[in-house]
Amino acid sequence: MTKDSLTSSSSLMVSVQRTYEASLILGTTKGIERSRAVRAIADALDDATDDILEANTLDLEASREMAVPDLILEWLKLTPERLNNTVETLYRLSELSDPLRRVMNASYQLDHSQTYCQLMPLGVIALIYETLPELAAIAAGLCMKTGNSLLLRGGTEASQSNQAIAQAICGALEKVGFPSGSVELIPADSGATIRDLVKQDDYINLVIPYGRPSLVQQVVRQSTAPVLRSAMGNCYLYWSPTGSLDLTRSIIMDSHQSEPDPVNAIEKVLIHSNQKLSSLTILWNTLQESGFEIRVDEELHQEFPGLTVVQEEEWHQSYLSKTVAFKRVNNMEAAIRWINKYSSGHADCLVTESYLESSQFSAGINSASVYINSSPRFYRYNKQQGDAIFLGMSNQKGLRRGLISLETLTTLKHIVQGTGQV
């Protein structure tokens, strides 16, 4: 082992242990203190907007020189509006009720004892994220609100932006008296690898990878700490014979409006074989006019030879772009089988006017979320849709599945209060 690798390993352990020690203190804080901390983060980001945007400009210039893909550049590019939305989200988060220590019914009761459950912090959360620098602030707000400490490991492309945002967050937490290590940034150029970080299962209670599927899969393979997989794209829509053309078109287009990351974008559409070719032509023309690329299966390609044929491996891959692939199926059962086999499993849709089809689809689809005649468009925070604030979407069974919210970052503690029973 080289001297540099020993140094980076030692530096990582100092950060991880400091974050662990901070988690023990954060778990005992009061709700009003945690809300004050989230508000302080929002204030600090607002005050540091110019510095953050300047750092982001440096990241963008360096990334363009290195020919970074356009998708990553889009995720990387911060604007005053994106930062303002982040600040607004944090302010709203600070106003939400305390998620911790709420008394809940226990699944069993002991005689002559009071048995109940409470939501408690997980401890140390590690977020490994690809570009999307403002995600660090959202994660910090969610973690402070739930009494967890946070380790951040961002991508190399956003190193300057990540540093500026982390500096604002840590400065804000210091001002309100939160312990050092409440939020720690592990710089991408520090020499500590993702593998080094996710092997720290003695201290880290949950790892959340956020980015392209390749990053998520890397973390899942290497981590010895529990991992909550996030998912983007490759959501399916089944357009049944009774479904509306206008609604199908609207849902597809709206699902791609999530910014900057297309979390719940519909990228695959299954159409019943009874759908008219004229309806398909109308749909595709509208999508292409809006900048979408259309791809089709072999059967549809015979009718429309000018369109690109979908390769087999594409059915289970995310495009993460305005690309939609279409396939014919003979019935609802075939659609459900195909979606369960190839979908990313976090958000799939049905357009229909049949109640029976709605029931069959929602019961048969093995995904975290099912949308019937509704767009799956993802919002981290939308004041028109209630108070919930989300980090992303998980397609994982076993831990928390679906929207990654405040409750996702908590765990249950069973409490038995007796009178001397043995």
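Residues numbered from 1 in each chain as written. Predicted model: local features only at pLDDT ≥ 70, side-chain atom pairs only at ≥ 80, totals over all residues. Heavy atoms only, no water.

Taking an unreviewed UniProt entry as the reference, the chain is identified by name as Gamma-glutamyl phosphate reductase belonging to Planktothricoides raciborskii GIHE-MW2. Recorded under Function (unreviewed entry), the UniProt text for the chain is reproduced unchanged: "Catalyzes the NADPH-dependent reduction of L-glutamate 5-phosphate into L-glutamate 5-semialdehyde and phosphate. The product spontaneously undergoes cyclization to form 1-pyrroline-5-carboxylate." Check the Subcellular location (unreviewed entry) section of the UniProt entry for the chain; it says "Cytoplasm". (UniProt positions renumbered as here; feature names shortened; annotations may be inferred.)

A. Structural view of unusual backbone geometry. Residues Glu259 and Pro260 are joined by a peptide bond in cis, for which omega reads -5°. With respect to the helices, strands and loops of the structure, Pro260 is situated in the loop between α10 (245-255) and β8 (266-272). A positive phi angle, close to 55°, is found at Leu320, a residue other than glycine. Looking at where Leu320 falls in the secondary structure, it is placed in the loop between β10 (308-309) and β11 (323-329). For Asn373, which is not a glycine, the phi torsion comes out positive at approximately 50°. Checked against the element boundaries, Asn373 lands in the loop between β13 (370-372) and β14 (393-394). Residue Asn373 is classed as partly exposed on the basis of its relative accessible area of 31%. (Helix = DSSP H or I, 4+ residues; strand = E, 2+ residues; numbered from the N terminus. Buried < 20%, exposed > 50% of the residue type's maximum accessible area, 1.4 Å probe, protein only.)

B. Region of the structure containing α10. All of the buried residues along α10 are Leu245, Thr248, Arg249, Ile251, Ile252 and Ser255. Down the axis, α10 shows its buried residues gathered within 165° of arc, on one side only. One side-chain oxygen at the N-terminal end of α10 lies 3.2 Å from the backbone nitrogen of Asp246; it belongs to Ser244. (Arc of directions from axis to C-beta. Polar contact = N/O pair within 3.5 Å; in protein donor to acceptor, adjacent residues only side chain to side chain.)

C. Broad picture of the sheet that holds strand β3 (residues 124-129). Sheet architecture is open: four strands sit in the order β5-β4-β3-β6, paired in parallel fashion. What marks the edges here is a single partner per strand, and that holds for β5 (183-185) and β6 (206-210). Strand-to-strand, the axes of this sheet are offset by a mean angle of 15°, without reference to chain direction. Two elements, strand β4 (residues 149-153) and β5, share three bridges in a ladder whose sense is parallel. (Pairing = 2+ DSSP bridges. Axes fitted to C-alpha atoms, helices over the stretch in contact; angles between N-to-C directions.)

D. Structural detail: the packing of aromatic side chains. All chains considered together, the criterion is met by five aromatic pairs. Aromatic pair Trp284 and Phe326: ring centres 5.4 Å apart, planes at 70°, arrangement edge-to-face. Of this pair, Trp284 sits in helix α11 (residues 277-289) while Phe326 sits in strand β11, and the two are 42 residues apart along the sequence. When its relative accessible area of 4% is taken as the criterion, Trp284 is described as buried. Aromatic pair Trp315 and Trp338: ring centres 5.6 Å apart, planes at 85°, arrangement edge-to-face. A residue pair is termed long-range when its members are at least 10 positions apart, and Trp315 in the loop between β10 and β11 and Trp338 in helix α13 (residues 332-342) qualify at 23 residues. For the pair formed by Trp315 and Trp338, the shared burial category is buried. In textbook terms, an aromatic cluster arises when at least three aromatic residues are bridged by ring pairs, as seen for Trp284, Phe304 and Phe326. It is Lys268 that lies over the ring of Tyr319; its NZ or CZ is 4.3 Å from the centre. Above the face of the Trp338 ring, Lys327 is positioned so that its terminal group lies 4.4 Å from the ring centre. (Phe/Tyr/Trp six-rings, centres within 6.5 Å; stacked < 30°, edge-to-face > 60°. Lys NZ or Arg CZ within 6 Å of the ring centre and 35° of its normal.)

E. Spotlight on the UniProt feature "domain: Aldehyde dehydrogenase" (unreviewed entry) in the chain. When the UniProt feature table is mapped onto this chain numbering, "domain: Aldehyde dehydrogenase" (unreviewed entry) sits at residues 22-228. Measuring from the first to the last C-alpha atom of residues 22-228 gives 22 Å, for a span that is 51% helix and 14% strand.

F. Summary view of the environment of Phe326. Judged by relative accessible area, which is 0%, Phe326 ranks as buried. Residues Phe326 and Val296, spaced 30 residues apart in sequence, show a C-alpha to C-alpha distance of 4.7 Å. The contacts of Phe326, once residues within four sequence positions are left out, are Val269, Ile271, Leu283, Trp284, Leu287, Ile294, Arg295, Val296, Asp297, Leu300 and Trp315. (Contact = heavy atoms within 4.5 Å.)

G. Examining the sheet that holds β10 more closely. Taken in spatial order, the seven strands line up as β10-β9-β11-β8-β7-β12-β13 in an open sheet, and their pairing is parallel. The sheet terminates laterally at β10 and β13, the two strands that pair on one side only. Sheet analysis places strand β9 (residues 293-296) next to β11, joined by four bridges and oriented parallel. Bridge pairing in β11 links Arg295 to Ala325. Taken strand by strand, helix α14 (residues 355-364) contacts β7 (235-239), β12 (348-351) and β13, and its axis lies near 170° from that of β12.

H. Representation of the pattern of salt bridges within the structure. Counted by the stated rule, this structure contains twelve salt bridges. The salt bridge involving Glu314 is made with Arg295; its shortest N-O contact spans 2.8 Å. Here Glu314 is found in the loop between β10 and β11, whereas its partner Arg295 is found in strand β9, with 19 residues between them in sequence. Judged by relative accessible area, Glu314 falls into the buried class, the value being 10%. The class for Arg295 is buried, based on a relative accessible area of 18%. For the salt bridge of Lys327 with Asp297, the shortest nitrogen-to-oxygen distance reads 4.0 Å. Of this pair, Lys327 sits in strand β11 while Asp297 sits in the loop between β9 and α12 (298-303), and the two are 30 residues apart along the sequence. (Salt bridge = Lys/Arg side-chain N within 4 Å of Asp/Glu carboxyl O.)

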